[in-house]
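Spelled out, the chains give:
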Amino acid sequence: MPPRQATQTAAPSPPVPIAVIPSLIGAGLALLLVRIAVVTLWTSQQGFLYSIVTSGLAAAIMALVVVIYIVLPRRTRLQDVSYEHVTSAITTYVVATLALIVFSSIAPQQWEPSDTVLVRLVAVVSLHIAAVGTFAVSIGLAGFIIMVLLIRRHQRTYVLLRIMAWMIAVAWLSVILLPVSEVFVVGTILATVVSSISLLLNIRRMSWLATLTLSKKIRLFWLSILGLFTTVVVAPMLAFNPDMPMTAAMEAFLPSGRVVPALLTLFGELFFSRILLATLAAMPNSGLVERRSSEVEALTNLTRKIAQAVSLDDLLSAVAYDAYTMCRAHGAWVELYAAPGTRSDVRVVGAVAVGPDFVQMVHRDPTIDELLRTSSGPVHVDSVPDLHDRQGDPNAPAAVGSMMSVPLLDGSARIGTLVVISTMEYGLEPHDLRLLASFADVVSVAVDQARLTESAIARERMQQEMNVARSIQRSLLPRASFPSQAWSVDAVMVPATDVGGDYYDYIEFANGHRGVVIADVAGKGVPAALYMATLKGIVLAEMRSALGPADLIRRINAAVWGSIDRRTYITLTCVELHEDSGVVRVARAGHTPMLVKQQDAVVALTPSGVAIGLVAPEQFFTLIDEEEIDVGYGGICLLTTDGVNERRNHTLDELGFHALQQVVENASTATASEIVHTTLHVLDEHGGDEPPHDDITIVALVYLPPEGTS
């Protein structure tokens, strides 16, 4: 088995060249047309030369089908099996197979020597469609099964696949030699049994089914029954009924070749049976509910610990223990580095089931040391011995079979790594890496917060505390522009003191749509800034699962409920932006209204909602509503915190919403950046030399899709 190297989640897969597949399909169609012409025009369809020509063309066509369906898909390197892949493949196979059975039964496939060329051509084309279609469907099914096996592979996957391939060749050769001696029947039976056992040993890993919802399991259950029924009908027909139209077509296309689709269909029968049994076993869904509940509880507990942690070491120790528990690992730790790129010994924090000496021993392996220190994203090494080609590297840690790691970042600087290990190869599940990545997002923010707090306590100097806090808060705000071709987005946050409690960020929901969140923590200064840092960590962790603005706000309230001071609350507005339509979905938790301009009308969107942290999640769930509006081309959305409309001048008069409505109404062809600058100018003119009494945050959104896209 070739060694498997460590794979980083962020690393792109090597793509299949664009021109390869169309070229192969074109070559296959050309060969098919040549064979149709030969069969149609060759008047004497007997003899050795005719058999050699037609069989050679058929074999070449089948070779191209194998390359297209089995060889090239290997290069896509999918990261995991998805429900959509499986259901789509089963549906395609069932529909295509039934269509071929019906077509073979009604289409003419025989002709007489006295028939005209046109009649013969129709029959020959029908025969080739039935034969090639049956070969292609069965080989496509085999290609899908191989893809699933390779994605969910284990130590013997490649060996068992090679055995299956050789057994298919043996079975085919035995059928070809069957007229010579009846002894070759034994070879066919033996090859079928060995290949079937190899497949059953290969498809033992079906744990991904446990992550499906009940409705998806039910649909997959019925689809697997349909697939099983189809294979049960087709496999015996191909193997034992040579007079059936589909079987006769394949036999005429490639003599004795029907044994290949018959055997591949048998593989499909075993595969569908395995899916059916695994789906039934996972139907109670108790394991999934328990895991989802524990994951949500872990993230919620983590956000609470951020606010309650006394020191950075205490927080990281709790994180290491949570990661150890959630991943069912045999060891976990957090390691911190003195400076990016240094080669000094790491500082181990919160080691669980391992000691600092063990961590230092792991780092003596140059390959693992490089992965842990320099990887730009999450890393999953499912077989540590394979990193060294199993050649007995003396530096290789013998006690580590598999491992996962995620980097901890302070802005763009690498400050440490969260590591979990298992003593067994393939002992860690791939989906655990996503959970660790969520941990890392929250921990990276928590590290900023904890370092700010420890620095303030240690130095006991307010100005130094403010400098650190200001730097931390700047790092928490978005540094890159909003990633959109259709929306012009710009934002600014101006704290009333050195640090503030306002917050905005660019996010991405679970459905793929991007959005914007703006929030205001009650109060000012360091306490508000710390809660703002906690809020960012919660948003980063929960947006990966949220299905929309209202769902995200409910998740945030559930995470912070009980962990913040009862005298503190957070107002927040969340907006989901649709790239292709200009539709905006808005949910609000007690925040200031969002101004929206459609054509010449300016409206204030005020979906109902209460501030975060005031009521329990059960009651909060019913109080949050969501509104949807189509802003159209050139539509403008302006979001602000109350420090904008309540900006006072020297006579204590507030700016009010009317001035903001005028800004939006007059911005007919403005970009988001121009709207932000205009709003700041209006604030400066109104406030004059009077310092702002509250934080000021402005987010402008303008729907300006490229010409022809909306």
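Residues numbered from 1 in each chain as written. Predicted model: local features only at pLDDT ≥ 70, side-chain atom pairs only at ≥ 80, totals over all residues. Heavy atoms only, no water.

So, about the overall build of the protein chain. The helix and strand tally for the protein chain stands at 22 helices and 16 strands. Taking all contacts inside the protein chain whose residues are at least 6 apart in sequence as the whole, residues at least 24 apart take part in 73%. In the form shown here, the protein chain has an accessible surface area of approximately 31,800 Å², with 61% of it arising from carbon and sulfur atoms. (Helix = DSSP H or I, 4+ residues; strand = E, 2+ residues; numbered from the N terminus. Contact = heavy atoms within 4.5 Å. Areas by Shrake-Rupley, 256 points an atom, 1.4 Å probe, with all protein chains shown as cover.)

Strand order across the open sheet formed by five strands is 8-9-10-11-14, with antiparallel pairing between neighbours. The sheet is open, and its two borders are formed by strand 8 (502-508) and strand 14 (626-630), each paired with just one other strand. When the angles between neighbouring strand axes are averaged without regard to direction, this sheet yields 15°. Pairing between strand 8 and strand 9 (residues 514-521): seven bridges, direction antiparallel. Along strand 9, the bridge assignment pairs Glu508 with Arg514. (Pairing = 2+ DSSP bridges. Axes fitted to C-alpha atoms, helices over the stretch in contact; angles between N-to-C directions.)

Before going further, it helps to spend a moment on the pattern of salt bridges. For the structure shown, the criterion picks out seven salt bridges. Two residues, Arg258 and Glu251, come together in a salt bridge whose shortest N-O distance is 3.0 Å. With a closest N to O distance of 3.0 Å, Glu576 and Arg585 form a salt bridge. Residues joined by salt bridges that share partners form a network here, namely Glu542, Asp551 and Arg555. (Salt bridge = Lys/Arg side-chain N within 4 Å of Asp/Glu carboxyl O.)

An α-helical turn contains 3.6 residues, so any two residues separated by three or four positions project in the same direction. All of the buried residues in helix 13 (residues 366-374) are Ile368, Asp369, Leu371, Leu372 and Arg373. If you follow the buried residues of helix 13, they end up packed against strand 2 (331-336), helix 12 (356-363), strand 4 (379-381), helix 14 (384-387), strand 5 (402-410) and strand 6 (413-422). Structurally, the start of helix 13 carries an N-cap: the backbone nitrogen of Thr367 is 3.0 Å from a side-chain oxygen of Asp365. (Buried < 20%, exposed > 50% of the residue type's maximum accessible area, 1.4 Å probe, protein only. Polar contact = N/O pair within 3.5 Å; in protein donor to acceptor, adjacent residues only side chain to side chain.)

Turning our attention to helix 8 (residues 245-253). The set of residues buried in helix 8 consists of Met246, Thr247, Ala249, Met250 and Phe253. The arc that holds the buried residues of helix 8, viewed along the axis, is 160°, so those residues lie on one side. (Arc of directions from axis to C-beta.)

Before going further, it helps to examine the packing of helix 4 (residues 117-151) against helix 9 (residues 259-282). Running from amino to carboxyl end, helix 4 crosses helix 9 at an angle of 45°, the nearest separation of the two axes being 9 Å. By the angle between their directions, the pair helix 4 and helix 9 is classed as oblique. In the packing of helix 4 onto helix 9, the handedness of the crossing is left-handed. Residues Phe135, Ser138, Ile139, Leu141, Ala142, Phe144, Ile145 and Val148 of helix 4 form the contact with helix 9, whose own contacting residues are Pro261, Leu264, Thr265, Phe267, Gly268, Phe271 and Phe272. Grouping the constituent residues of the contact of helix 4 with helix 9 by class yields twelve nonpolar, three polar and no charged. (Parallel < 35°, antiparallel > 145°, perpendicular 65-115°, else oblique. Left-handed = near helix turned anticlockwise from the far one by under 90°. Nonpolar A, V, L, I, M, F, W, Y, C, P; charged D, E, K, R; others polar.)

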